[in-house]
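Understanding the architecture of this molecule
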Amino acid sequence: MELRQLEYFVAVAEERNFTRAAERVHISQSGVSAQIRQLERELGAELFDRSARTATLTAAGKAALDHARAALAAAAAVRQTVGEVTGVLRGRLVVGMVVGCTVTPLFEALSAFHRAHPGVEMSLLEDSSDRLVEAVRLGTLDVALVGTAAAPEGLESLTVISERLVALVPESHALAARRRLALRDIVDHPIVCMPPGTGLRAVFDGACAARDLRPRIALQAGAADAVADLAARGLGVGVLSESMAARHRDRLVVHTVDDVETPALLALVWRKGRSPAVRALLTQCGRAFGLPVGPV
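Given the structure is predicted, the values throughout are model-derived calculations rather than measurements. (Residues numbered from 1 in each chain as written. Predicted model: local features only at pLDDT ≥ 70, side-chain atom pairs only at ≥ 80, totals over all residues. Heavy atoms only, no water.)

1. Overview of the sheet that holds strand 4 (residues 120-127)
- The strand order across the open sheet formed by five strands is 4-3-5-12-6, and the pairing between neighbours is mixed. Only two strands of the sheet have a single neighbouring strand rather than two, namely strand 4 and strand 6 (156-163). Averaged over all adjacent pairs, the angle separating strand axes in this sheet is 20 degrees, with direction ignored.
- Relative to strand 5 (residues 143-148), strand 3 (residues 91-98) is paired through three bridges, and the arrangement is parallel. Bridge assignment links Val95 to a residue of strand 5, and that residue is Val143.
- Along the sheet face, helix 6 (residues 129-138) touches strand 3, strand 4, strand 5 and strand 12 (264-270) and points at about 140 degrees away from the line of strand 5. (Pairing = 2+ DSSP bridges. Helix = DSSP H or I, 4+ residues; strand = E, 2+ residues; numbered from the N terminus. Axes fitted to C-alpha atoms, helices over the stretch in contact; angles between N-to-C directions. Contact = heavy atoms within 4.5 Å.)

Here you go:
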């Protein structure tokens with residue numbers, strides 16, 4: 001029995017899908033399947049029911065899952081303890097990033113961390129903010145940069161950007177000449193925004209619900225540039241944050257939504273009891289974003 005087999009087993013159990021598990025551990029689906037089969041032969045029992053589209057744990061799989069997680073945690077603790085004693089960080093760091101992220105300081109922090117700690121294997125995964133937060137809670141991600149309406153419960157967090165919502169329209173749009181815009185003005189028109197599961201959408205949906213407004217979401221896109229491009233073509237009023245909209249002011253009129261004061265947050269999140277590698281990465285992130293991270 002090898003640690004990598006346990007890692008693949010846990011990945012399939014949590015993703016409930018061999019393809020997604022293979023993407024998560026960065027090997028082919030056939031490689032994951034072969035290693036799981038080998039583990040099942042060694043244990044003398046099938047761990048997954050493969051008869052449906054989702055991979056469901058058998059009774060043996062359910063019994064093994066907690067022990068597999070504990071074994072992986074123990075191996076990580078060994079690496080962490082030795083790293084703390086020797087001052088040389090090794091192991092693996094899995095970082096999450098919200099889809100469509102183009103926040104340069106994060107990339108600068110990752111680069112600085114890699115130069116300072118070449119013994120740490122680093123992975124970067126994209127997903128929706130909600131899924132990233134859940135992955136951090138489960139321990140499958142070490143730290144993630146997410147969009148959120150509020151700091152996630154049960155996790156440590158550092159807000160790196162806090163901004164108001166803005167509306168984007170072409171100069172020919174009826175709202176372009178308005179000096180002030182309220183949320184009710186915007187939802188009278190079709191909306192182009194980010195999909196559910198993103199922090200920006202959570203702020204927008206929450207503001208609409210608080211005012212009993214029911215916006216018509218015409219189009220959704222996971223990248224800020226796509227939202228702006230669709231708005232520029234007259235397909236709806238774009239809804240973004242201030243920094244997301246800044247690069248599009250040459251072709252779109254950008255209005256702050258005056259009566260929505262709840263900011264959209266971009267935050268780093270991690271679990272309590274951070275490892276030396278996470279502490280080191282957070283230090284680099286603090287420097288890159290110009291923010292304090294606290295004692296490391």
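2. Thoughts on unusual backbone geometry
- The phi angle at Arg16 is positive, at roughly 60 degrees, despite the residue not being glycine.
- Summarising the element assignment, Arg16 is placed in the loop between helix 1 (3-15) and helix 2 (18-25).
- A residue is classified by how much of its surface remains accessible, and Arg16, at 44% relative accessible area, is partly exposed.
- Residues other than glycine seldom take positive phi values, yet Asp212 does so here, at roughly 55 degrees.
- The topology assignment puts Asp212 in the loop between helix 8 (199-210) and strand 9 (217-220). (Buried < 20%, exposed > 50% of the residue type's maximum accessible area, 1.4 Å probe, protein only.)

3. Some points on helix 3 (residues 29-43)
- An ideal rise of 1.5 Å per residue puts 21 Å on 15 residues; helix 3 measures up with 21 Å between its terminal C-alpha atoms.
- Among all positions in helix 3, only Val32, Gln35, Ile36, Leu39 and Glu40 are buried. Viewed along the axis of helix 3, the buried residues span an arc of 140 degrees, placing them on a single side of the element. Structural note: helix 3 exposes Ser30 and Arg41 on the side pointing more than 90 degrees away from its buried face.
- Buried residues belonging to helix 3 abut helix 1, helix 2 and strand 1 (48-49). (Expected span 1.5 Å × (residues − 1). Arc of directions from axis to C-beta.)

4. Things to note about the sheet that holds strand 10 (residues 237-241)
- Within the open sheet, the five strands sit side by side as 9-8-10-7-11. Their pairing is mixed. Taken across any chain shown, the strands that pair with only one partner, and hence form the sheet edges, are strand 9 and strand 11 (253-256). With strand direction ignored, the average angle separating the axes of adjacent strands in the sheet is 30 degrees.
- Both strand 8 (residues 191-193) and strand 9 contribute to a ladder of three bridges, which runs parallel. The residue of strand 9 that forms the bridge with Ile191 is Ile217.

5. Observations regarding the pattern of salt bridges
- Summed over the entire model, instances satisfying the criterion amount to 20 salt bridges.
- Among the salt bridges present, the one from Arg20 reaches Glu15, with a minimum N-O distance of 3.5 Å.
- Here Arg20 falls in the partly exposed class, since its relative accessible area comes to 37%.
- Three or more residues are tied together by salt bridges with common partners; here these are Glu14, Glu15, Arg20, Arg24, Asp66, Arg69, Asp127 and Arg131. (Salt bridge = Lys/Arg side-chain N within 4 Å of Asp/Glu carboxyl O.)

6. Considering the packing of aromatic side chains
- For the coordinates displayed, the defined rule picks out two aromatic pairs.
- Plain terms: the ring middles of Phe18 and Phe48 are 5.8 Å apart, the flat faces sit at 70 degrees to each other, and that makes the pair edge-to-face. Linking Phe18 in helix 2 with Phe48 in strand 1, this pair joins segments that are 30 residues apart in sequence. (Phe/Tyr/Trp six-rings, centres within 6.5 Å; stacked < 30°, edge-to-face > 60°.)

7. Describing helix 1
- For helix 1, spanning 13 residues, the distance from its first C-alpha to its last is 18 Å, which sits close to the expected 18 Å at 1.5 Å a residue.
- Counting buried residues along helix 1, 10 of its 13 residues qualify, which places the element largely inside the surrounding structure.
- Arg16, located one to two residues past helix 1, shows a positive phi value of around 60 degrees.

8. Comments concerning the environment of Leu39
- Examined against the element boundaries, Leu39 turns out to sit in helix 3.
- Sequence separation of Leu39 and Leu6 is 33 residues, and the distance between their C-alpha atoms is 8.2 Å.
- With near-sequence residues (within four places) excluded, Leu39 lies in contact with Met1, Gln5, Leu6, Phe9 and Leu47.

9. Re the packing of helix 1 against helix 3
- Helix 3 packs onto helix 1 with a crossing angle of 110 degrees between their chain directions and a minimal axis gap of 9 Å. The angle between helix 1 and helix 3 places the two elements in the roughly perpendicular class. For the pair helix 1 and helix 3, the contacting residues are Arg4, Gln5, Leu6, Tyr8, Phe9 and Val12 in the first and Val32, Gln35, Ile36, Gln38, Leu39 and Glu42 in the second.
- Its residues assigned to classes, the contact of helix 1 with helix 3 comprises seven nonpolar, three polar and two charged. (Parallel < 35°, antiparallel > 145°, perpendicular 65-115°, else oblique. Nonpolar A, V, L, I, M, F, W, Y, C, P; charged D, E, K, R; others polar.)

10. Some remarks on the packing of helix 5 (residues 104-116) against helix 11 (residues 276-289)
- Close contact between helix 5 and helix 11 brings their axes to 8 Å; oriented N to C, the two are set at 135 degrees. Relative to helix 11, the element helix 5 is oriented oblique. Crossing angle aside, the handedness with which helix 5 passes helix 11 is right-handed. Every residue of helix 11 that contacts helix 5 at Pro105, Leu106, Glu108, Ala109, Leu110, Ala112, Phe113 and Ala116 is listed here: Ala277, Ala280, Leu281, Gln284, Cys285, Ala288 and Phe289.
- Partitioning the contact of helix 5 with helix 11 into residue classes produces 13 nonpolar, one polar and one charged. (Left-handed = near helix turned anticlockwise from the far one by under 90°.)

Coordinates in, geometry out; function isn't part of it.
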